[in-house]
Amino acid sequence: MEISRTAILNKTHYGINIYAYVLRQFYPNQTVLSLTGKDSRITKNPFNDNKESLKISIVNNIAIHKDINLNEFKGNVFDFAQLYFKTTNDEELLLKINQVLNLNLKIKVKDHLECNYSDKNTWYARCSFFKAPIRNVFPTETMWLNQIYALITGNKYKSITNTFRALKNPKEARKYKANNFDYVTFSGIFKKRSDKELIKHSNLLTIDFDHLENVKELKDKLLSDQYFETELLFTSPSGKGIKWIIRIDISEITQAEYFKAVANYIKHTYNIEVDHSGKDISRACFLSHDPSAFLNKRHQIA
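Residues numbered from 1 in each chain as written. Predicted model: local features only at pLDDT ≥ 70, side-chain atom pairs only at ≥ 80, totals over all residues. Heavy atoms only, no water.

Chemist: Would you take a moment to explain the overall build of the protein for this structure?
Modeler: Scanning the protein from N- to C-terminus turns up nine helices and 16 strands. Relative to the compact-globule value of 19 Å for 302 residues, the protein shows a C-alpha radius of gyration of 25 Å, a clear excess of over 25%. Principal axes of the C-alpha set define a box for the protein whose edges measure 70 × 50 × 35 Å. Going through the 302 residues of the protein one by one, you find that 46% of them count as buried. Each charge class in the protein was averaged separately, 44 positive and 33 negative side chains, and the resulting centres sit 4 Å apart. (Helix = DSSP H or I, 4+ residues; strand = E, 2+ residues; numbered from the N terminus. Rg over C-alpha atoms; globule rule 2.2 N^0.38 Å. Buried < 20%, exposed > 50% of the residue type's maximum accessible area, 1.4 Å probe, protein only. Lys, Arg positive; Asp, Glu negative; His and termini not counted. Charge placed at Lys NZ, Arg CZ, Asp CG, Glu CD.)

Chemist: Before we go on, may I ask you to explain the sheet that holds strand β14 (residues 242-247) in this structure?
Modeler: Judged by pairing direction, the sheet is antiparallel, and its four strands sit side by side in the order β12-β14-β13-β16 without closing on themselves. Edge positions in the sheet fall to β12 (204-209) and β16 (294-295), since each has one partner strand and no second. The sheet contact formed by strand β13 (residues 230-235) and β16 spans two bridges and is antiparallel. For L233, the partnering residue across the bridge sits in β16 and is F294. Along the sheet face, helix α5 (residues 145-153) touches β12, β13 and β16 and points at about 20° away from the line of β13. This element, helix α9 (residues 255-270), spans β12 and β14 of the sheet and lies at about 40° to β12. (Pairing = 2+ DSSP bridges. Contact = heavy atoms within 4.5 Å. Axes fitted to C-alpha atoms, helices over the stretch in contact; angles between N-to-C directions.)

Chemist: What exactly am I supposed to notice about the packing of aromatic side chains here?
Modeler: Two measures describe an aromatic ring pair: the distance that separates the ring centres and the angle between the ring planes. Tallying each qualifying case throughout the model produces 19 aromatic pairs. The interplanar angle of 15° and the centroid separation of 6.4 Å between the aromatic rings of F164 and Y176 together place this pair among those described as stacked. Remark: Y176 occurs in helix α7 (residues 170-180) and F164 occurs in helix α6 (residues 158-166); sequence separation between them is twelve residues. Note on F164: relative accessible area 8%, which makes it buried. Between F181 and F286, the aromatic rings sit 6.3 Å apart at their centres with planes inclined by 65°, giving edge-to-face as the arrangement. Of the two residues, F181 is situated in the loop between α7 and β9 (183-185) and F286 in strand β15 (residues 285-286); the sequence distance between them amounts to 105 residues. Each member of the aromatic cluster is reached from another via a ring pair, and the members are Y19, Y21, F26, Y27, F47, F73, F80, Y84 and F85. Positioned above the aromatic ring of W144 is the side chain of R126, whose terminal nitrogen or guanidinium carbon lies 5.1 Å from the ring centre. (Phe/Tyr/Trp six-rings, centres within 6.5 Å; stacked < 30°, edge-to-face > 60°. Lys NZ or Arg CZ within 6 Å of the ring centre and 35° of its normal.)

Chemist: Could you clarify how one ought to interpret the pattern of salt bridges in this entry?
Modeler: When the charged atoms of two side chains lie near each other, side chains of opposite charge can form a pair. All chains considered together, the criterion is met by ten salt bridges. Here D220 makes a salt bridge to K216, at a shortest N to O gap of 3.0 Å. Here the residue D220 and the residue K216 both occupy positions in helix α8 (residues 215-223), the gap between them amounting to four residues, near one helical turn. Residue classification places D220 among the partly exposed residues on the basis of a relative accessible area of 39%. Note that R298 is salt-bridged to E231, the shortest N-O span being 2.6 Å. Residue R298 is located in the segment after β16, and its partner E231 is located in strand β13; the two are separated by 67 residues in the primary sequence. Both residues of the pair, R298 and E231, belong to the buried class. Among the ionic contacts, a cluster of salt bridges with common partners joins D208, K243 and R283. (Salt bridge = Lys/Arg side-chain N within 4 Å of Asp/Glu carboxyl O.)

Structure follows, in structure tokens:
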């Protein structure tokens, strides 16, 4: 079963359990809802100065509400939930309800975000490579993913990665990283590192996870993710983060829109907030030493 209004109503007794959840947030350790048949007893309304004026009923297989003192205060369970969660859109609201009520409904990424490519086994990606420091915005060369993988898994960045991870002063560490690590723009080939200077998009998106408690555990989860196939995966310079490179299709939506959908998916699948710089096409990604990095086998022959 996937997330939809109907699916949620089916798992929450037409939405009654959602009303109960919201009301319990305002009135803990109290009986917040008493249902007789398809109608509830009058209960407190947290959106009307806690007056006992809220009436909840089930009509046409959905729970609805009204306030006996406020004629304009009426709607269905999703309208009521929105007053509490204050989400930005309907999709986010459904995801939030699914999460907090532990409904365990399957999260499905929108169809146009699923990568069903006809050239799935023969596709390769190329990216711009930049020599350190980060202030250098002109690429040295264009690289295939397997060339970048070879740099990461080889010894080229071993010394600087170990030195960086040994630094304790945050300011000193930031300066060292900016001055010593080479970087790439995974999302494309550039004349200059700027969104306006893009030559060709690579159909790649970088998802950056920071401050992880267990890097290996998340790596394993991402490699077996049911919706997104990993193209490249490696540990960040700090050793406490992950760079997850996945393939996207920007023929119908922008990279920023795609990133937002993926970030939302990750939040509600893994309960992790990701670095939002990934929405930028010219985003720089530092290359670090990771002998256990993963490269999709399709790129190993490029």
